[in-house]
Amino acid sequence: MDDFILGLPKCELHVHLEGTLEPTMAATMAARHGVERAPVTRPPAFEGLADFLAAYYADMAGLRDEADFTELTARYLETARHHGVRYAELFFDPQAHTARGVPFATVVTGIRRAQEAARAQGGPDTELVMCFLRDESVESARATLAESLPYRERGWILGVGLDSDERGNPPEKFAGVFADARAAGYRLTAHCDPRQEHSIAHLWQCVEVIGVDRIDHGTECVADPRLCDELARRRLGLTSCPLSNLRLYGTLMADEIYELMSRGVLVTLNSDDPAYFGGYVADNYEAVASALGLSRKELGALAKSSFEASWLPPERKAAYERAVDEHVHGWRQR
Ligand code: HPA
Ligand code: ZN
């Protein structure tokens, strides 16, 4: 791993905590709770989103109590710190746990404990983004939103997102829930995965119907110049995940990422489900850097974009962006 990339201050905006569950931890937790399951093995690649999601949900069976969620989160935060992550907005999927009888409070309290410990011990600093499972009902999303509100009030959850199987589940299905989430003070984001049916229509719905504050993946917008212009005009962040693209669709989509950068779209690099896709965030930067032959200045620009696309207040964004500049300039003088 390139030390410049590893030490580059970064913001991670697209990582699912459940997607950081490494196979050994999944097996240990399952055994601890006596959960019947096949030993976890992860294939080198998946045949698209649905194939990945089947493994992702099955492997969560051992996540049952508060300590499990603390351990999962602590382990990710330790790795993230090693990868130069200074700040992250972390996804979690409460419905994947409440459907198995794990209380919402167990999930958020367990995660929170690890967030606070990391914050006290040198970082990274983190916030939580709660995702609705789009292949579940609107009523289930509504109930989940209602359950989350006490934690919104405590400042434990910053935003809501939309993930899981996009096929037949367009963003507009959740327009009402997102409107209520906005009214409750949440920031909004939604997945528009690569290579989906009606990708472009779903992207436009995110922008024009939901009014999102960010889009997860979203790289398919390159096919629609008018959409690219609109995303660039709004400085709406896209959270691209190159190694996820590679393991699900056989391409990093590095050329698309470069084209988006060139068109002024606020594209960022992230890890999605790093325990499944073979790399954490610095690995994603490295994969794109070597595919495109990016300079240190261009890598610095990508890192600055990651902070700009975050939901931090402007003065904190500026401080992190200065840290990126110092890293890039300091490196040149070595
Ligand atoms: N897309 C949709 N659902 C997901 C993803 C993703 O990238 N990761 C975890 N759940
Ligand atoms: Zn994702």
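Residues numbered from 1 in each chain as written. Chains lettered and ligands numbered in written order. Predicted model: local features only at pLDDT ≥ 70, side-chain atom pairs only at ≥ 80, totals over all residues. Heavy atoms only, no water.

What the rule picks out here adds up to 19 salt bridges. When the shortest N-O distance is used, the salt bridge between Asp59 and Arg42 registers 2.9 Å. One end of the pair, Asp59, is in helix α3 (residues 49-59); the other, Arg42, is in the loop between α2 (23-32) and α3, and 17 residues separate them in sequence. Since its relative accessible area comes to 18%, Arg42 is described here as buried. Here Asp325 ties to Lys304 by a salt bridge, and the two come within 2.8 Å at their closest N and O atoms. Here Asp325, found in helix α16 (residues 314-332), pairs with Lys304, found in helix α15 (residues 296-308); they are 21 residues apart in sequence, far enough to count as distant. In this structure Lys304 comes out as partly exposed when scored by relative accessible area, which is 26%. One salt-bridge network, held together by shared partners, links Arg32, Asp68 and Glu71. (Salt bridge = Lys/Arg side-chain N within 4 Å of Asp/Glu carboxyl O. Helix = DSSP H or I, 4+ residues; strand = E, 2+ residues; numbered from the N terminus. Buried < 20%, exposed > 50% of the residue type's maximum accessible area, 1.4 Å probe, protein only.)

Bridge count for strand β5 (residues 187-192) against strand β6 (residues 214-217) is 4 bridges, and the pairing is parallel. Bridging across to β6, Thr189 finds its partner in Arg214. Handedness of the crossover joining β5 and β6 through helix α9 (residues 199-210) is recorded here as right-handed. Pairing of β6 with strand β7 (residues 237-240), which is carried by 3 bridges, proceeds in the parallel orientation. By the bridge assignment, Asp216 is partnered in β7 with Thr239. Viewed along the sheet, the connection from β6 through helix α10 (residues 225-234) into β7 turns out right-handed. (Pairing = 2+ DSSP bridges. Right-handed = clockwise from strand over helix to strand, strands pointing away.)

The zinc ion (ligand 2) binds to the protein through His14 (NE2), His16 (NE2), His191 (NE2) and Asp272 (OD); the donor distances cover 2.0 to 2.3 Å. Within one chain, the residues donating to the zinc ion (ligand 2) are spaced in sequence as H-x1-H-x174-H-x80-D. Taken together, the residues His14 in the loop between β1 (10-12) and α2 and His191 in strand β5 connect sequence positions 177 residues apart. Accessibility classification places His14 together with His191 in one group, the buried group. (Donors = N, O, S within 2.8 Å, 3.2 Å for Na, K, Ca; no water.)

Read these as layout, nothing more, since geometry by itself doesn't imply function.
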